[in-house]
Every structure is written in structure tokens, then in C-alpha cells.
Amino acid sequence: MRALLLSFISLILLACTSQEKKASVMAASKEKAPYAIVIHGGAGTILKKNMTDERETQYIAALNEALDVGEGILKNGGTAIDAVEQTIWLLEDSPLFNAGKGAVFTNEGENELDASIMSGNDQNAGSVGGVQTVRHPISAARAVLEKSDHVLLTSKGADQFAKEQGLEIVDSSYFKTERRWNSLQRILEEEAKDKRVLSELSENKHGTVGCVALDNQGNIVAGTSTGGMTNKRYNRFGDVPIIGAGTYADNNTCGVSCTGHGEYFIRYAVAHDVSARMEYLEESLSDAANHVVNKKLVDKGGSGGLIAVDAYGNVAMPFNSAGMYRGYAKPNERVVKIYED
Ligand code: ASP
């Protein structure tokens, strides 16, 4: 009799828990925003004590300007793919971020740029790795998505493809900035002194840019663009051009763009993992994103963060480093932040 009673109680408890779980997903989904856009400009050891007021103002202004562009497109009924591409143009053009102009240098003193974009309606995707002459690598990724049968093109072939598509081509010196050049010189000097190969993460600063947008048609698009890691060599690619690692989008779950130590994001298929937790475990966006960044990646030793939007316009921006340049915009809502909350 006692055993019967106990199993009856546990059945009721089980039913309540799964109801609650459903309810929390429903709660997050009740109000579907007509649009939402979220961006990042990289995560890492970004501490207030190391930042001048002037520099902080520049970052905040650049993030707001980028959000203005994307929000303007979405507000006027534009598509998520246009919003993501054009928002990233701004971030790629800004020397503040490690993407496009201002990208970090390889060991050989060159800039090799990676970018990817994915659309959540048909899950078509495009990416480029190691391009050196395309002013906007995100547009090269979009061209791969829209104008080729492929997903990933690399190095000279990707540069050639971008040129044939009529994208803006620049001399490779266009991407150079003193700040990034000096970072490479510092690392090379340390390497020479210590007689050992320093990890590209010596500075532990990431500056990749990314954007995820939901448009009023319900399409979610995610895009990411980066120079990779300072002092990288052997044509190393990180997570950014790998669909499912640095970028992922599925209209049924969410869109994700990552920043951090790319090798970890590749190994744990981070962007896809967030979507998979929502799909298979019915987790909310914030639970899924938090678990992957603050539990799984932390346990494995991978630093970084991500931005994500779900089908209802809920936004998540978790990171496990000291800071992450980030922000989002929805109707009557705008947030831009750098440090921990
Ligand atoms: N994830 C990028 C890479 O590994 C770096 C970054 O996010 O800053 O190439």
C-alpha cells in the first residue's frame, strides 16, 4: 500500500515538473517580438581598470551605430539576412574590432579573415576561411550561401570567388592597424625571449564580431566575422567558418553567433549545441545558452561567449570571460554593455 502511494506521489510530481518546464518555455514565448537583433564585438579579458573613458565611449558608440543599422532595416520590414550583413559591415569597418579592418595578424604578419552566415528558414549556410582581399568577408560568406552550391570556400579560391561575384576587393594592406601590428610584435618578442611558441591566446582577448536577427517574417539569421587569433600559423581556422561551431540558425529553435577560443567551440559544436538543447530537451533559450557557456565550456576550459535569439525574439548573451562587447535591440528596448552585469 505504502509503495503504491509513493509511486502515485512521484507520478504527480513528475507531471508537475514537466508541466513547469513546458510552462517556462511557453512563458518565454508568449509575446512574439516583431523583430529582434543582437550583436557582439568579442569576449575576453575586458576589464574596466584597463579601459580609458575615451576608448569605452568609442566601443559603446560603435555598438550603438551597428545596432542602429540593423534595427533600421528590421523596423522597416527588411530581411534578417540584410540586417545581419549590413550590421556586420559596420563592425568589420571599425578598427576597434578583430574583423575586417583591425583584424589581428598571423605569425607571418598577414591578415587572414574568416566569416560565416546561416539562414534559419532553409538552413542554408555560407562561409569563407582565410580570405585576404575581400573588404567585407561577411558578404563573401553570403555570396557562398546564395550563389554557390557549397558551404565553405577557403583562401585564394574564396578570394577569387568573391572577386568574380563583384564584391569589393582591397589591397591586403587595407586591414592593417598599428594596434594589432604591435600586439603581434609583443607576442613575437615574448616568444623569442622564452624560446617557446606562445598560444595565440597570450593576450586572452577576442574581438570577433557577430550578429543574430529575427525579422517580421519569422526568419532567424546568424552571422560571424573574425581575424582569428593573433600569431596564428599554418593557415589555422577557428570556429567562425565552421557551421555549427561559431554560427548556427534554425527557425524552430534559435540563431547563435559565438566568440572565444575557437578550438573549444569546434570540439563542442557550441552554436549547434544551444539549438540542440532547445530542440531535444525543450530548454528555453537562456537555459540552453547558459548551460553551454557557463557549464559545459567552463568545465572543458574554453573561454568566450555567444549571442542568440529565439523564434520569439528572446535574447541571450552569456559569456564566461571578464567581459564581452554586446548589445541588443527590440521594439522600445535597447541594451549595450561591455563588462559583467
Ligand atoms: N573564435 C575566434 C577564433 O577562434 C576568435 C575570437 O572569437 O576572438 O578564431
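It should be emphasised that the depicted structure is a prediction, and the values quoted were computed from it without experimental measurement. Here the residue index of a chain counts from 1 through its sequence in written order. Since the coordinates come from a predicted model, pLDDT governs what is reported: local features require at least 70, and pairs of side-chain atoms require 80 or more to be given and counted, while whole-chain, interface and lining totals use all residues. By convention in this description, side-chain values take in all heavy atoms of the structure and omit both hydrogens and water.

Thoughts on the sheet that holds strand β5 (residues 209-214)
Next, step 1: Pairing between strands requires that DSSP locate at least two bridges from one strand to the other. Only runs of H or I of at least four residues qualify as helices and only runs of E of at least two qualify as strands under DSSP, and these elements are numbered from the N terminus. Judged by pairing direction, the sheet is mixed, and its eight strands sit side by side in the order β4-β3-β2-β6-β5-β1-β11-β12 without closing on themselves. Edge positions in the open sheet fall to β4 (152-154) and β12 (333-339), since each of these has one partner strand only. The sheet shows a mean angle of 5 degrees between the axes of neighbouring strands, taken without regard to direction.
Next, step 2: As paired strands, strand β1 (residues 36-44) and strand β11 (residues 323-330) are joined by six bridges and run antiparallel to one another. When the sheet's bridge partners are listed, His40 is paired in β11 with Arg326.
Next, step 3: In what follows, a contact means two residues having at least one pair of non-hydrogen atoms within 4.5 Å. Lines fitted to C-alpha atoms define the axes, with helix axes restricted to the stretch in contact, and inter-axis angles between N-to-C directions lie between 0 and 180 degrees. Against the sheet, helix α2 (residues 53-75) engages β1, β5, β11 and β12, with an angle of about 150 degrees to β12.
Next, step 4: The strands touched by helix α5 (residues 155-164) are β3 (125-131) and β4; relative to β3, the strand with the most contacts, the crossing angle is about 120 degrees.

Notes on the environment of Lys232
Next, step 1: Tracing the backbone shows Lys232 in the loop between β6 (220-226) and β7 (247-249).
Next, step 2: Three exposure classes are used, based on accessible area relative to the maximum for each residue type with a 1.4 Å probe and protein chains only: buried under 20%, partly exposed in between, and exposed over 50%. Classification of Lys232 as buried rests on a relative accessible area of 1%.
Next, step 3: When the C-alpha positions of Lys232 and Glu110 are compared, they lie 9.8 Å apart, and in sequence the two are 122 residues distant.

Side note on the side chain of Ser127
Next, step 1: Along the chain, Ser127 turns up in strand β3.
Next, step 2: Exposure remark for Ser127: the relative accessible area of 0% places this residue in the buried category.
Next, step 3: Those residues within four positions of Ser127 in sequence are excluded, and the remaining contacts are Ala115, Ser116, Ala141, Val144, Val151, Leu152, Leu153 and Pro241.

Brief notes about the pattern of salt bridges
Next, step 1: Salt bridge, as applied in this entry: a Lys or Arg side-chain nitrogen positioned within 4 Å of an Asp or Glu carboxyl oxygen. Overall, the coordinates contain 15 salt bridges when judged by the stated rule.
Next, step 2: Arg334 is paired through a salt bridge with Glu71; the nearest N and O atoms lie 3.0 Å apart. With Arg334 in strand β12 and Glu71 in helix α2, this residue pair connects regions lying 263 residues apart in the sequence.
Next, step 3: With a relative accessible area of 9%, Glu71 lands in the buried category.
Next, step 4: When the shortest N-O distance is used, the salt bridge between Glu146 and Arg142 registers 3.0 Å. Of this pair, Glu146 and Arg142 both sit in helix α4 (residues 137-147), four residues apart, which is roughly one turn of that helix.
Next, step 5: Under the relative-accessibility criterion, Glu146 is labelled partly exposed at 41%.
Next, step 6: On the basis of relative accessibility, which here comes to 13%, the residue Arg142 falls in the buried class.
Next, step 7: Several salt bridges converge on common partners, so that one network encompasses Asp82, Glu85, Arg142 and Glu146.

Quick notes on unusual backbone geometry
Next, step 1: With a phi angle near 45 degrees, Ser155 is a residue other than glycine that sits in the positive phi range.
Next, step 2: Mapped onto the elements, Ser155 comes out in helix α5.
Next, step 3: Given the relative accessible area of 26%, Ser155 is considered partly exposed.
Next, step 4: Despite not being glycine, Ala269 shows a phi value in the positive range, around 40 degrees.
Next, step 5: With respect to the helices and strands, Ala269 occurs in the loop between α7 (262-267) and α8 (270-281).

Re α4
Each α-helix turn comprises 3.6 residues. Residues three or four places apart therefore point the same way.
Next, step 1: Most of α4 sits out of view: nine of its eleven residues are buried.
Next, step 2: Of the positions making up α4, those classed as buried are Pro137, Ile138, Ser139, Ala140, Ala141, Arg142, Ala143, Val144 and Leu145.
Next, step 3: Contact partners of the buried residues in α4: α3 (80-93), β2 (113-119), β3, β4, α5 and β6.

So, the side chain of Glu112
Next, step 1: Here Glu112 lies in the loop between α3 and β2.
Next, step 2: Charge convention: Lys and Arg are scored as positive, Asp and Glu as negative, and His as well as the terminal groups of each chain are ignored. The side chain of Glu112 sits in the buried core without any salt bridge; Lys232 is the nearest counter-charge, 4.5 Å away.

Description of the nonpolar core
Next, step 1: Among the buried residues, those of types Ala, Val, Leu, Ile, Met, Phe, Trp, Tyr and Cys that are joined through side-chain atoms within 4.5 Å form a nonpolar core. Core analysis: the largest hydrophobic core is formed by 49 residues, its most contacted members being Phe97, Ile117 and Tyr325.
Next, step 2: Leaving out residues up to four positions away in the same chain, Phe97 has contacts with Gly41, Tyr59, Ala62, Leu63, Leu91, Gly102, Ala103, Arg180, Gly207, Val209 and Tyr325.
Next, step 3: The next biggest cluster of nonpolar side chains, apart from the first, holds 37 residues, and it includes Val256, Leu285, Val309 and Met317.

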